[in-house]
Amino acid sequence: MSETVLRTEDLTVVYHVPGGVIRAVDGVSLELAAGETLAVVGESGCGKTTLAKAILGLERAAGGKIVVQGNDVTGDLRGLAKRVGIVWQDPYASLDSRWTIGDSISEPLVIHKHPNPRERAVEVMKETGLDPGLMDRYPHQLSGGQRQRVAIARALALNPPLVLCDEPTAALDLSIRAQILNLLKDLQASRSCAYLYISHDLMTVRYIADRVAVMYLGRIVEIGPTGDVFGAPRHPYTQALMASAPTLELVGRLPAVLAGEIPDPRVRVPGCRFSSRCPRRQDRCVEAEPELTIEGDRGYRCYFPVSALTESNAV
Ligand SMILES: Nc1ncnc2c1ncn2[C@@H]1O[C@H](COP(=O)(O)OP(=O)(O)O)[C@@H](O)[C@H]1O
Ligand SMILES: [Mg+2]
């Protein structure tokens, strides 16, 4: 069994907003092993980015625990930056436009007192397919794909055991997406870091992730090996996602089961969060929320799960 790199236990993040409270991440428990990629999927607003921010210490956990390599890092930013790298959707968000590429990549190395920041920056540029001759350029002088490579180089400069990727290819052209995905795969193979890979692009997730967690209104409603979850979803929400477009960006083409609006996140219903849109809803579903049912290496929160044998292609 490989080393557990990340463990969250009942992680909860709340936002106080006009009109109430949003439990953007609500009791999320997950584990991620060295060399493994766990994807987090779900519609916009389900809490994916908030989950990443909480793990990075950028949002305060209202409850629960974050354990990285056996160390409880909940609310403790020291050392976290060395252990966790982040690649955002928009490389402009992780790169300062006034800094050269070399400065951006070297900064975490300098902060963590690396003996040779410049040399390590050159090395990691080569590892990420960047010509070290770009060192003195600025972000706006690079292509979108190159900028994302710089963001990846910066995230990996310190060789963190855990890298969070929040929609890292969503802003890129299709042809560049494949290159960046392959780069992430190659980098993982050579250093066996773990990826928490956030995306609403199910095709990409199928390609890159070993396991997948499906989120709905702050909750993980289904989790398991990617092939199993995609091939035979147990939760009706997962099934509806699979039956929608290959990418959830195409909201206009969602199937009838998902046509309803996502409920107001400020209003907590006593039952299953998906019940307002669920085609399988029965009385029980609106009375109390289902616990996570564990079956082998899979889990789902549903009283009336889709049967793997008879219904997986039924939507
Ligand atoms: N800074 C914030 N203040 C208040 N509410 C927020 C903030 N960030 C996110 N939210 C809310 O939290 C929920 C989850 O958002 P987010 O994590 O960005 O979802 P995702 O990344 O899955 O699209 C949404 O209802 C969103 O409106
Ligand atoms: Mg997001």
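### Some thoughts on the packing of aromatic side chains
Each pair of aromatic rings is reported with the distance of its centres and the angle of its planes.
Thinking step 1. Applying the stated criterion across every chain, the model contains 4 aromatic pairs.
Thinking step 2. Aromatic ring contacts, followed pair by pair, group Tyr 216, Tyr 237 and Phe 274 into a single cluster.
Thinking step 3. Taking the ring centre of Tyr 207 as reference, the NZ or CZ of Lys 185 above it sits at 4.1 Å.

### Regarding the packing of helix α4 (residues 101-111) against helix α5 (residues 117-127)
Working note: a packed helix pair is described by the angle between its axes plus the distance between those axes.
Thinking step 1. Running from N to C, α4 and α5 point in directions that differ by 120°, and their axes come no closer than 9 Å. In terms of orientation, α4 and α5 fall into the oblique class. In this structure, α4 meets α5 at a crossing whose hand is right-handed. Here Ile 101, Ile 105, Ser 106, Leu 109 and Val 110 of α4 come into contact with α5, specifically with Pro 117, Arg 120, Ala 121, Val 124 and Met 125.
Thinking step 2. Tallied by class, residues from the contact of α4 with α5 come to 8 nonpolar, 1 polar and 1 charged.

### Concerning the sheet that holds strand β2 (residues 20-33)
Thinking step 1. Ordered in space as β2-β1-β4-β5, the 4 strands form an open sheet in which the pairing is antiparallel. The open sheet has two free edges, formed respectively by β2 and β5 (71-72), since each of these has just one partner strand.
Thinking step 2. With 11 bridges connecting them, strand β1 (residues 4-17) and β2 associate as antiparallel partners. Of the residues in β2, the one forming a bridge with Tyr 15 is Ile 22.
Thinking step 3. On top of the sheet, helix α1 (residues 48-56) reaches β1, β2 and β4 (63-68); it is set at about 115° to β1, its chief contact.

### Considering the domain arrangement of the protein chain
Thinking step 1. By domain assignment, the protein chain separates into domain 1 (4-209) and domain 2 (213-300).
Thinking step 2. For domain 1 versus domain 2, the separation of C-alpha centres amounts to 26 Å.
Thinking step 3. Taken over both partners, the interface formed by domain 1 and domain 2 buries close to 2,300 Å², and the fraction arising from carbon and sulfur atoms is 59%.
Thinking step 4. When the buried area of domain 1 at its contact with domain 2 is split by residue, Asp 26, Glu 43 and Leu 202 rank highest and sum to 28% of it.
Thinking step 5. The interface formed by domain 1 and domain 2 holds 3 salt bridges in total.
Thinking step 6. Between Arg 268 and Asp 26 there is a salt bridge, and its shortest N-O distance comes to 3.4 Å.
Thinking step 7. In this assembly, domain 1 and domain 2 are joined by 12 residue pairs in polar contact (both at pLDDT 80 or more).
Thinking step 8. By residue number, the principal contributor to the side of domain 1 that touches domain 2 is β2, which donates 11 residues.
Thinking step 9. Taken together, the residues of the side of domain 1 that touches domain 2 break down into 18 nonpolar, 8 polar and 6 charged.

### So, the pattern of salt bridges
Thinking step 1. Throughout the structure, instances matching the rule amount to 18 salt bridges.
Thinking step 2. A salt bridge links Glu 43 to Arg 277, with the shortest nitrogen-to-oxygen separation between them at 3.1 Å. Separated by 234 residues along the polypeptide, Glu 43 in the loop between β3 (37-41) and α1 and Arg 277 in the loop between α10 (236-243) and α11 (283-287) bring together distant segments of the chain. Pair check on accessibility: Glu 43 and Arg 277 agree, each one buried.
Thinking step 3. With a closest N to O distance of 3.5 Å, Asp 201 and Arg 177 form a salt bridge. Placement of the pair is Asp 201 in the loop between β8 (194-198) and α8 (202-208) and Arg 177 in helix α7 (residues 174-191), with a sequence separation of 24 residues.
Thinking step 4. What makes Arg 177 buried here is its relative accessible area of 16%.
Thinking step 5. One continuous salt-bridge network, built from bridges that share partners, spans Arg 23, Asp 26, Arg 219, Arg 268, Arg 273 and Glu 289.

Cut-offs applied
- Residues numbered from 1 in each chain as written.
- Chains lettered and ligands numbered in written order.
- Predicted model: local features only at pLDDT ≥ 70, side-chain atom pairs only at ≥ 80, totals over all residues.
- Heavy atoms only, no water.
- Phe/Tyr/Trp six-rings, centres within 6.5 Å; stacked < 30°, edge-to-face > 60°.
- Lys NZ or Arg CZ within 6 Å of the ring centre and 35° of its normal.
- Axes fitted to C-alpha atoms, helices over the stretch in contact; angles between N-to-C directions.
- Helix = DSSP H or I, 4+ residues; strand = E, 2+ residues; numbered from the N terminus.
- Parallel < 35°, antiparallel > 145°, perpendicular 65-115°, else oblique.
- Left-handed = near helix turned anticlockwise from the far one by under 90°.
- Contact = heavy atoms within 4.5 Å.
- Nonpolar A, V, L, I, M, F, W, Y, C, P; charged D, E, K, R; others polar.
- Pairing = 2+ DSSP bridges.
- Domains from an automatic or database assignment.
- Buried area = accessible area lost by both parts, 1.4 Å probe.
- Salt bridge = Lys/Arg side-chain N within 4 Å of Asp/Glu carboxyl O.
- Polar contact = N/O pair within 3.5 Å; in protein donor to acceptor, adjacent residues only side chain to side chain.
- Buried < 20%, exposed > 50% of the residue type's maximum accessible area, 1.4 Å probe, protein only.

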